[in-house]
Amino acid sequence: MREEIPSPMTGAAAFERYVGIDYSGAETPTSSLKGLRVYVAQQGIAPSELPPPPSPRKYWTRRGIAEWLLELLAEPAPTLVGIDHAFSFPIRYFETHHLEPDWSSFLKDFRTHWPTDGDNIDVDCVRDGFAGDGAARMGSAKWRRVTETLCKAKSVFHFDVPGSVAKSTHAGLPWLLLLREQLGSQLHFWPFDGWAIPRGHSAIAEVYPSLWSKALPREDRTPDQHDAYAVTAMLERLDRSGDIAKLWEPALTPQERAVAQVEGWILGVMPTTGGSR
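Values in this document were obtained by computation on a predicted structure and should not be read as measured data.

Cut-offs applied
Residues numbered from 1 in each chain as written. Predicted model: local features only at pLDDT ≥ 70, side-chain atom pairs only at ≥ 80, totals over all residues. Heavy atoms only, no water. Helix = DSSP H or I, 4+ residues; strand = E, 2+ residues; numbered from the N terminus. Buried < 20%, exposed > 50% of the residue type's maximum accessible area, 1.4 Å probe, protein only. Contact = heavy atoms within 4.5 Å. Areas by Shrake-Rupley, 256 points an atom, 1.4 Å probe, with all protein chains shown as cover. Lys, Arg positive; Asp, Glu negative; His and termini not counted. Charge placed at Lys NZ, Arg CZ, Asp CG, Glu CD. Pairing = 2+ DSSP bridges. Axes fitted to C-alpha atoms, helices over the stretch in contact; angles between N-to-C directions. Salt bridge = Lys/Arg side-chain N within 4 Å of Asp/Glu carboxyl O. Core = buried A, V, L, I, M, F, W, Y, C linked by side-chain atoms within 4.5 Å. Arc of directions from axis to C-beta.

## Describing the overall build of the protein chain
When its secondary structure is counted, the protein chain shows 9 helices and 6 strands. Based on the C-alpha atoms only, the size of the protein chain along its principal axes is roughly 50 × 50 × 35 Å. When each of the 277 residues of the protein chain is scored for burial, the buried share is 56%. The long-range fraction of contacts in the protein chain, counting pairs at least 24 apart against all pairs at least 6 apart in sequence, stands at 69%. As presented, the protein chain carries roughly 11900 Å² of accessible surface, and 51% of it is formed by carbon and sulfur atoms. Positive and negative charge centroids in the protein chain, built from 29 and 35 side chains respectively, lie 5 Å apart.

Written as structure tokens, this is what we have:
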């Protein structure tokens, strides 16, 4: 973990832009996916959907989103990004596979075994043994992270069931590694780089749209659109009000806090959070 700069964001809004991404682990990284939705907002301006760059593809691709984020987050304007898939795995996974409890090392090890950022590789290709070596890095659907247990979310290894984030997680992790390697300290990965975010930095966090989507009218948006919209709207609202500072520091026990810096944490989940994913 990089050294934490003790300047937690409180008071005035700390970010200039907000991005909410409803993710999808379907098909390949270059597939145009209706379930991939991106919304963007600025301070005091309602979120609007961002279409992909002009191309024969109608919808975003996972590769396209990663490349767009690389450009956006390299700009000086502090930006907060929320993505709807897990950023890490339960501590049991690290123990079972004898991995160092270090998030950056985890991402590299995962990418080696699950190369789901390959143009013609989907999650099922790895699961079925046609690419990578997923068999050497599997997990049990009974394993859950602390944050998932608190909000009653499904395991990141619970495939092929409604509401599962297993595929999107296994498809999205290699792109987090790309962002980390390309942007370095420009981008703060919460909470792996520390619970407090230095002012002036862009940040990226795991989000759970169900925590917020029901509180906002859906209007004419599809479920995927509304999830991305809700994340963007709430990030902007919470930052502008100063309430987001409470989310950066959930009331965890010292043991939970140490584990969460390996397993990751869902922004907005507190010890009393309930719900289902």
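## A look at the sheet that holds strand 5 (residues 187-189)
With respect to topology, 6 strands assemble into an open sheet ordered 3-2-1-4-6-5, the strand pairing being mixed. Each of the sheet's edge strands pairs with one partner strand only, and the pair in question is strand 3 (45-49) and strand 5. Shown here is a sheet whose adjacent strand axes are inclined to one another by a mean of 20°, direction ignored. Examined bridge by bridge, strand 1 (residues 17-22) and strand 2 (residues 37-42) share 6 bridges and lie antiparallel to one another. Opposite Asp-22, over in strand 2, you have Arg-37 as the bridge partner. Docked against the sheet, helix 6 (residues 166-183) engages strand 5 and strand 6 (202-206), running at close to 140° with respect to strand 5.

## Thoughts on the environment of Ser-168
Within the element layout of this structure, Ser-168 appears in helix 6. Residue classification places Ser-168 among the buried residues on the basis of a relative accessible area of 8%. For the pair Ser-168 and Val-156, spaced 12 residues apart in the sequence, the C-alpha separation amounts to 9.1 Å.

## Structural notes on the pattern of salt bridges
For the structure shown, the criterion picks out 15 salt bridges. Between Arg-37 and Glu-49 there is a salt bridge; the shortest N-O distance is 2.9 Å. Taken together, the residues Arg-37 in strand 2 and Glu-49 in strand 3 connect sequence positions 12 residues apart. Between Lys-167 and Asp-124 there is a salt bridge; the shortest N-O distance is 2.9 Å. Here Asp-124 lies in helix 4 (residues 123-127) and Lys-167 lies in helix 6, a separation of 43 residues in the sequence. Lys-167 sits in the partly exposed class, given a relative accessible area of 29%. Linked by salt bridges that have partners in common, Asp-124, Arg-127, Asp-160 and Lys-167 make up one network.

## Re the nonpolar core
Within the largest apolar cluster, 48 residues are counted, with the highest numbers of intra-cluster contacts made by Ile-21, Leu-69, Phe-106 and Ile-204. Taken together, the elements giving at least two residues each to this core come down to strand 1, helix 1 (62-73), strand 4 (79-83), helix 2 (91-96), helix 3 (103-113), helix 4, helix 6 and strand 5. Counting residues per element, this core draws most heavily on helix 6, at 8 residues. Tyr-39, Ile-197, Ala-205 and Tyr-229 belong to the second largest nonpolar core, which has 35 residues in total.

## Notes on the side chain of Glu-263
Secondary-structure assignment places Glu-263 in helix 9 (residues 254-263). Of the side chains with opposite charge, Arg-145 lies nearest to the buried Glu-263, which makes no salt bridge, at 5.9 Å. If we ignore the near neighbours within four places in the chain, the residues touching Glu-263 are Ser-88, Phe-89, Pro-90, Ile-91, Arg-144, Arg-145, Val-146 and Phe-192.

## Structural notes on helix 9
Helical geometry note: an α-helix holds 3.6 residues per turn, so side chains three or four residues apart project in the same direction. Within the span of helix 9, buried status applies to Val-259, Ala-260, Val-262 and Glu-263. Along the long axis of helix 9, the arc covered by the buried residues comes to 155°, so they all point the same way. Tucked inside the fold, the buried residues of helix 9 contact helix 2, helix 3 and helix 5 (146-151). Following helix 9 by one or two positions, Gly-264 has its phi on the positive side, about 90°.

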